[in-house]
Amino acid sequence: AHLAGRVAEQLELDSLSLTKEIESKYFMDSVNLNREELLSLFLPNSYEMYWNISAAEFCQRMQRENDLFWNENRESKRKRLNMSRAEVITLAAIVNEESRKVDERPRVAGVYLNRLRRGMKLQADPTVKYAASQTEKYSGLIIKRVLNKHLKINSPYNTYKFYGLPPGLISMPSIQAIDAVLNFEEHDYFFFADDPENPGKHTFTKTLSEHKKNARKLHRYLNKKGIKR
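Residues numbered from 1 in each chain as written. Predicted model: local features only at pLDDT ≥ 70, side-chain atom pairs only at ≥ 80, totals over all residues. Heavy atoms only, no water.

This paragraph deals with the nonpolar core. Most often, soluble globular proteins have nonpolar side chains that are buried together. Judged by nonpolar contacts, the single largest core of 35 residues is most densely connected at Leu81, Val88, Leu91, Val95, Tyr112, Ile178 and Val181. Counting only elements with at least two residues in this core, the list comes to helix H6 (85-98), helix H7 (105-118), helix H8 (125-133) and helix H10 (175-182). At 7 residues, H6 tops the list of elements feeding residues into this core. For Leu81, the residues in contact, after removing those within four places along its chain, are Val88, Leu113, Arg117, Val181, Leu182 and Phe184. Listed in part, the 15 residues of the second largest apolar core include Phe27, Val31, Leu41 and Phe58. (Core = buried A, V, L, I, M, F, W, Y, C linked by side-chain atoms within 4.5 Å. Buried < 20%, exposed > 50% of the residue type's maximum accessible area, 1.4 Å probe, protein only. Helix = DSSP H or I, 4+ residues; strand = E, 2+ residues; numbered from the N terminus. Contact = heavy atoms within 4.5 Å.)

Structure (C-alpha cells):
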C-alpha cells in the first residue's frame, strides 16, 4: 500500500487500483511470487514512463525492468548463493538497515550468509524492529534499542525467534545493498555489534564470547547515553 501510494503521487494512477493489480492472483502467478515477496519485484531506480500509464502496464514495466536488472552477471552470482531473487533482496533489505556504510555491507552480508549456511538464526535487530512495528503496541514508535521483550514478539519476521530468512522484505533495499549480498565478503565472522567508538560502524567477531564482550561494551554506552528503548 505504501509503494502504491508513492507511485500514485508521481503518475495518474489510483493507489487502490494499483494495489489491487499488484496483489492480483494473475500478476502474482505471472511473476511467480507470493504476497510477502511481491515488493522484491520493484527495484528502487529512476524510470521514464508516460504519466497516464495504466496499473497493468506499470506492473508489466516493472517486471521487464526487474528482468533487465538480473543480468547474466547478477544471475550467476545469485545461483552461486543458491537463493531466489526474492531471497537475495530480502537479505539485502536487512543488510541495508544494518549498515549505512556502503563499503561495510559486503562484510555484513557475509556474516548473515555464514549464519544461514551454519543453520544459525540470523538474529538481525532490524527484523525485530519491523516485527514490532506491525503490532498495535509498537505501531508508529521508533525503537532505538532492541530489548529482551522485543525478542519475544511472535512474528515470522522476528529472526531471533525463527530460523532462516523472514518471509518478505522489511524495507526497500538500495541497489548497493543488493549488490553487496551478491558480492558478499568471504570471511569467518559470525557476529557483529555497533562500535560505540566509531558511530555507524561495526565490530566483527568470530566467536560468541568475543561478541558478548562487544555487546556489553555497547550496552554500557547506550546506558550512559540514556537510550533505554
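From this point, things continue past the structure.
This next bit is on H6. The end-to-end C-alpha distance of H6, which contains 14 residues, comes to 20 Å, matching closely the 20 Å that a straight helix rising 1.5 Å per residue would cover. In terms of burial, H6 is a largely internal element, 11 of the 14 residues being buried. Listing the buried residues of H6 in full gives Ala86, Val88, Ile89, Thr90, Leu91, Ala92, Ala93, Ile94, Val95, Asn96 and Glu98. On its buried face, H6 sits against helix H5 (72-81), H7, H8, H10, strand S1 (191-194) and strand S2 (202-205). (Expected span 1.5 Å × (residues − 1).)

Right, let's get into the pattern of salt bridges. Under the criterion given, the structure shown has 10 salt bridges. Its salt-bridge partner being Lys25, residue Asp29 comes within 2.7 Å of it at the nearest N-O pair. Of the two residues, Asp29 and Lys25 both sit in helix H3 (residues 25-31), 4 residues apart, roughly one turn of that helix. With its nearest N and O atoms 3.0 Å apart, the salt bridge here joins Arg85 to Asp67. With Arg85 in helix H6 and Asp67 in helix H4 (residues 55-69), this pair connects stretches of sequence that are 18 residues apart. What makes Arg85 partly exposed here is its relative accessible area of 26%. Take Asp67: its relative accessible area is 42%, and that puts it in the partly exposed class. Residues participating in the shared-partner salt-bridge network are Asp67, Glu75, Arg78 and Arg85. (Salt bridge = Lys/Arg side-chain N within 4 Å of Asp/Glu carboxyl O.)

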